[in-house]
Amino acid sequence: MNNVVESTLSIEQNPNPVPAAERARLLESPAFGRVFTDHMATIRYTEGKGWHDAKVGARGVIPTDPATQVLHYAQEIFEGMKAYRLPDGGGALFRPDANARRFQNSAKRLAMPALPEDLFLQSVRELVKLDREWIPSGEGSALYLRPFMIATEVALGVKPAAEYLYCVIACPVGAYFKGGASAAVTIWVSDTYTRAAPGGTGDAKCGGNYAASLLAQAEATREGCDQVVFLDAVERRWIEELGGMNVFFVFEDGSLQTPPLTGTILPGITRDSLITLARDMGLTVREEPYSIDQWQADAQSGRLREAFACGTAAVVTPIGKVKGHKHNFTIGDGGAGVLTTKLKAALVELQNGRAPDPHSWLDRVF
Ligand code: PLP
Ligand code: COI
C-alpha cells in the first residue's frame, strides 16, 4: 500500500524570490513563525499508487476544496526541526533522522501512510540547500523547518483518507519566548484541562493535541504565565509536559529527573539529546514520575534547585516560577540555574558546530 513510485525530488528555483535587501531586513529579528522562505517541498500520496510528485519549488498556497478531509476530522501530523549556520558558513540539520522516525510513528497513530525516511531526509535537505540564504547567523537563531502531512481526499465519510499531501515549509527564527533566549519563564499548572489520556494521541505530534491545549494556554496567559504545564489525566498529580515542550528537574545532589515516556507525552528529540549529554558529563538522569505537590515541596525545601523546559523551538528555557489554583512557588532564585545554563551551552555549541559531535547528530547539508 505504501509503495514508493518516485524516490527523487524534482528541484525548481523560485523565479521570484524575496529581494536580498528585503530578506536581510526580515532576517534581522524574525518573530517565531512569522517570516517564511522562498521555497517549500511537497510530495503527494495516493492509495494504490504510493508517494508521487515529489518536488521542491516556489512556496505558494495549497488550493483546498471545502470538503477536504483534514478540515473536518483533523487527520494531520507535523514535525519541528532546525538547520543551523556553521562557523565555516555551511549549514547543518540536527538529528533529522530522529524527526523522520517520529513522523512515521505519528503517521501510524493517525492512520496515515508512513513517509519513507529517505524521502523525508531528501525533502528537508534540499529545502535547506535552496533556502540557504535564509539561515540566520545571529546567536540563538536558526532556520526552523515545519514538515507536515494532511489528509487531502475530498469526502466527508469518517475514515482514513485515501490521499495525502506532505509539505515542508521553513522560517528563520530567534528566541521562542518574548523575554529572550535565557530569561526564565513562569508556568501555569492546569488543573482543569488535560492534554492527553492513556490510549490517546499524546505521544504523536498531531495538530489536534495543540488545538486541545489552547484553552489551557489561554488560561495561562490570562494568569500572567508564559506556558501551561499539564498533569496526567488519570490521577491529576503527575507532571507530564508543557504545551509545546518537555520538562526537566535538577536536584541538590546534581541529579536530573524527567517524566518517563509512557505514551501520553511527546518523545522530544531535545529531551533525548539532553539526557545523553548529561550522562556524557557523568550526571545521573532519572526518567521517573514526579508529582506537582512534590515539586512544590522540593522547591520550598531547597531539595529542588532548578527546572527547565526543552524543545526544538524553546531550546532550553529555565522555569523560574510555577503558579496554579493550588500552587505558587519559585524555583531557586527564580532565574537560570547553573546546570541548566551548562546543559544549554553544551547543546547549543554542538548544534552550531562549535563543539565536538561525538554522537554524529549534525547532518551537514552544504
Ligand atoms: N512536547 C511537545 C508537546 C512539543 O510540541 C515539543 C516540540 O516539538 C516537545 C515536547 C519537544 O520536542 P522536540 O525536542 O523534539 O522538539
Ligand atoms: C517545536 O518545538 O518544534 C514545537 O513543535 C513546539 C512549538 C510549536 C511550540
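Anything mentioned here points back to the structure above.
Residues numbered from 1 in each chain as written. Chains lettered and ligands numbered in written order. Predicted model: local features only at pLDDT ≥ 70, side-chain atom pairs only at ≥ 80, totals over all residues. Heavy atoms only, no water.

**Overview of the layout of surface pockets**
Applicable threshold: In this analysis a 1.4 Å probe is tested at points of a 1 Å grid over the protein atoms alone, and where it fits but cannot get out there is a cavity; an open set with protein on both sides within 12 Å along at least five of seven lines is a pocket; lining residues have an atom within 4 Å of a point. Grid points are joined across faces, edges and corners, and a volume is the space filled by probe spheres set on the points. Strands here are runs of E lasting at least two residues and helices are runs of H or I lasting at least four, both read from the DSSP assignment and numbered beginning at the N terminus. Residue ranges labeled as domains rest on an automatic or database domain assignment. Following the grouping adopted for this structure description, the nonpolar residues are Ala, Val, Leu, Ile, Met, Phe, Trp, Tyr, Cys and Pro, the charged ones are Asp, Glu, Lys and Arg, and the polar ones are all others, Gly among them.
By volume, the largest pocket is sized at about 820 Å³. As for the largest pocket, its lining consists of 37 residues, of which Tyr176, Tyr210, Gln227, Gly244 and Met245 are closest to the centre. For the lining of the largest pocket, the elements supplying multiple residues, two or more each, are β4 (76–78), β7 (142–151), α5 (207–222), β10 (227–231), α6 (269–280) and β15 (304–311). Broken down by element, the lining of the largest pocket gets its largest block of residues, six residues, from α5. When residues of the lining of the largest pocket are assigned to domains, at least three fall in each of domain 1 (10–173) and domain 2 (185–352). Taken as a whole, the second largest pocket encloses approximately 490 Å³ of empty space. Along the wall of the second largest pocket there are 30 residues; nearest its centre are Glu139, Gly140, Ser141, Ala175 and Ala181. Of the residues belonging to the lining of the second largest pocket, the class tally is 15 nonpolar, ten polar and five charged. Looking at which domains feed residues into the lining of the second largest pocket, each of domain 1 (10–173) and domain 2 (185–352) gives three or more.

**Things to note about the nonpolar core**
As a reminder, the rule being used: Only buried Ala, Val, Leu, Ile, Met, Phe, Trp, Tyr and Cys residues count toward a nonpolar core, and they belong to the same one when joined by side-chain atoms within 4.5 Å. Accessible area is worked out with a 1.4 Å probe on protein chains only. A residue is then buried under 20% of its type maximum, exposed over 50%, and partly exposed in between. Whether two residues are in contact is decided by their heavy atoms: any pair within 4.5 Å suffices.
Ranked by internal contacts, the top residues of the largest apolar core, which has 49 residues, are Phe120, Leu145, Met149 and Tyr166. Taken together, the elements giving at least two residues each to this core come down to β2 (39–46), β3 (50–58), β4, β5 (81–85), α3 (96–109), α4 (117–130), β7 and β8 (163–173). Those residues in contact with leucine 145 that sit more than four places away from it in its chain are Glu79, Gly80, Met81, Leu93, Val124, Leu127, Val128, Val168, Ile169 and Ala170. Judged by nonpolar contacts, the second largest core, of 24 residues, contains Ile292, Ala299, Ala309 and Ala314.

**Quick notes on unusual backbone geometry**
Positive phi values are uncommon outside glycine, yet aspartate 53 reaches one of about 55 degrees. One non-glycine residue with positive phi stands out, namely arginine 236, at about 55 degrees. Since its relative accessible area comes to 41%, arginine 236 is described here as partly exposed.

**Here's the deal with helix α8 (residues 338–351)**
Here is the rule we go by: The span one expects for a helix is its residue count, reduced by one, times 1.5 Å. Within this analysis, the arc is defined by the directions that extend from the helix axis to the C-beta atoms.
An ideal rise of 1.5 Å per residue puts 20 Å on 14 residues; α8 measures up with 20 Å between its terminal C-alpha atoms. For α8, every residue scored as buried is listed here: Leu339, Thr340, Leu343, Lys344, Leu347, Val348, Leu350 and Gln351. For α8, the buried positions fall inside an angular range of 160 degrees around the axis, keeping them on one side. Just past α8, the residue glycine 353 takes up positive phi, approximately 70 degrees.

**Digging into empty space enclosed by the protein**
In this structure the tally under the stated criterion is one cavity of 30 Å³ or more. Around the largest cavity, the lining residues are Gly80, Met81, Lys82, Tyr84, Phe94, Asn99, Ile269, Thr270, Thr312 and Gln351. When contributions to the lining of the largest cavity are tallied by element, the ones reaching two or more residues are β5 and α6. For the lining of the largest cavity, the element with the most residues is β5, which contributes three residues.

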